[in-house]
Amino acid sequence: MNQKDVIIACDFSSAEETLAFLDRFGGRKPYVKIGMELYYAAGPDMVRRILERGHRVFLDLKLHDIPNTVQKAMKNLARLGVDMTNLHAAGGKKMMQAAVEGLAEGAAEAGRERPLLIAVTQLTSTSAEMLKDELLIGTLMEETVAHYASNAAQSGLDGVVCSPHEAAAVKRANGQDFLTVTPGIRFADGSADDQVRIMTPEKARATGTDYIVVGRAVTAAADPQSAYLRCLEAFTGGINL
């Protein structure tokens, strides 16, 4: 059984803002996600600084390019020592297989374990209408996500990013050890913001998902540590407190 945990999305625009936010947690070292906004602003040094502080890091750059380019990029990312990274499943099996190879090569050269590699199936900002009318995908959302997840599993990936609404279907199709990482988490009394397929931490726990990614519900809270602990308790049942 995979260990459940809460990942905080550090979607800040500068290193200073990010480190000041993490300082508010004192000796607690939550798992954090570094996405495109922060990575493009502060670069790989930001990743290294957060790792040096003792945090686990999910590097969320969603690579999507030709297989050779993705393989070389993943080889470089593996040298950073992050715990998890990702790509878009829409890039296809050859691209995903190349990514696994690149990560393994880079990790071996750095004397590290290969980071977990997960694939983004469909963004949580994508609605069923958008899937059909804009992306011209004729299958239902759950079917599309399940198919992309199966492609990822067949390509040697460790799991997928998906909405909590699809996590159970992904597990049924690919086994309980296939990781699901689910963004789109909001408290019942919070705002949906720009997310469409959202869920509370309590309901996400019931889906069997392994990790939930929580952003503004924690980062914009008056007391981020209290909001984080509230989310952690609701999702893990208090086992990680």
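Cut-offs and rules
What you see as residue numbers is a count from 1 along each chain, following the sequence as written. Residue-level local features of this predicted model are given only where pLDDT is at least 70; pairs of side-chain atoms are given and counted only at 80 or more, and the full residue set underlies all totals for whole chains, interfaces and linings. Computation of side-chain values covers all heavy atoms of the structure but excludes hydrogens and water. Strands here mean DSSP runs of E at least two residues long; helices mean DSSP runs of H or I at least four residues long; both are numbered from the N terminus. The quantity called the radius of gyration is restricted to C-alpha atoms. Its globule counterpart is 2.2 Å times the number of residues to the power 0.38. Type-normalised accessible area, obtained with a 1.4 Å probe on protein chains alone, sets the label of each residue: buried when under 20%, exposed when over 50%, and partly exposed for intermediate values. It only takes one pair of heavy atoms within 4.5 Å for two residues to be counted as in contact. Under the convention used here, a 1.4 Å probe and the Shrake-Rupley method define accessible areas, while residue burial counts only the protein chains that appear. A pair of strands counts as paired when DSSP detects no fewer than two bridges linking them. Call a crossover right-handed when, viewed with both strands pointing away from you, the route from the first strand across the helix to the second goes clockwise. Lines fitted to C-alpha atoms define the axes, with helix axes restricted to the stretch in contact, and inter-axis angles between N-to-C directions lie between 0 and 180 degrees. To define a nonpolar core, start from buried Ala, Val, Leu, Ile, Met, Phe, Trp, Tyr and Cys residues and group those joined through side-chain atoms within 4.5 Å. In this analysis, the expected span of each helix is defined as 1.5 Å times one less than the number of residues it contains. What the arc measures is the spread of directions leading from the helix axis to the C-beta atoms.

A. The overall build of the chain, seen in detail. Secondary structure summary: the chain contains 11 helices and 8 strands in total. Computed over the C-alpha atoms, the radius of gyration of the chain is 17 Å, within 12% of the 18 Å expected from 2.2 N^0.38 for a compact globule of 241 residues. Based on the C-alpha atoms only, the size of the chain along its principal axes is roughly 45 × 40 × 35 Å. Across the 241 residues of the chain, 51% fall into the buried class. Expressed as a percentage of contacts within the chain between residues at least 6 apart in sequence, the contacts between residues at least 24 apart total 68%. For the chain, the exposed area adds up to about 10800 Å²; of that, 49% sits on carbon and sulfur atoms.

B. Local environment of the pairing of strand β3 (residues 57-63). Of all 7 residues in β3, 6 are buried, a share of seventy percent or more. By the bridge criterion, 3 bridges tie β3 to strand β4 (residues 84-88) in an arrangement that is parallel. Within β4, the residue paired with F58 across the bridge is M84. A crossover connection joins β3 to the parallel β4 through helix α4 (residues 67-78); in handedness this β-α-β unit is right-handed.

C. Geometry of the sheet that holds strand β1 (residues 5-9). Around the barrel, which closes on itself, the 8 strands sit in the order β1-β2-β3-β4-β5-β6-β7-β8 with parallel pairing between neighbours. For this sheet, the mean inter-axis angle between neighbouring strands, taken without regard to orientation, is 25 degrees. Note that β1 and strand β2 (residues 31-35) share 3 bridges and pair parallel. Pairing of A9 across the sheet is with K33, part of β2.

D. Main features of the nonpolar core. Judged by nonpolar contacts, the single largest core of 62 residues is most densely connected at L59, M74 and L87. For this core, the element with the most residues is helix α5 (residues 93-110), which contributes 6 residues. In this structure, M74 is in contact with L63, T85, N86, L87, A99, G102, L103 and L117, ignoring residues within four places of it in sequence. Core analysis: the second largest hydrophobic core is formed by 12 residues, Y31, F58, V120 and V181 among them.

E. Just α5, in detail. Look at α5: 26 Å from first C-alpha to last across 18 residues, which is about the 26 Å you get at 1.5 Å a residue. By the burial criterion, the buried members of α5 are M95, M96, A98, A99, V100, G102, L103, G106 and A107. Turning to α5, the residues buried within the fold contact β3, α4, β4, β5 (116-120) and α7 (141-154). Just beyond α5, the residue with positive phi is G111, at close to 70 degrees.

F. Fine view of unusual backbone geometry. Phi at K62 takes a positive value of approximately 50 degrees, unusual for a residue other than glycine. Here K62 shows up in strand β3. Positioned with a positive phi, L136 is a non-glycine residue whose angle comes to about 60 degrees.

G. Structural context of α4. With 12 residues, α4 should cover 16 Å at 1.5 Å per step; its first-to-last C-alpha distance of 16 Å lies within 8% of that length. Among all positions of α4, only V70, Q71, M74, L77 and A78 are buried. Down the axis of α4, the smallest arc covering the buried residues is 125 degrees, so these residues share one side. Check the buried side of α4 and you find it contacts α2 (36-42), β3, β4, α5 and β5.

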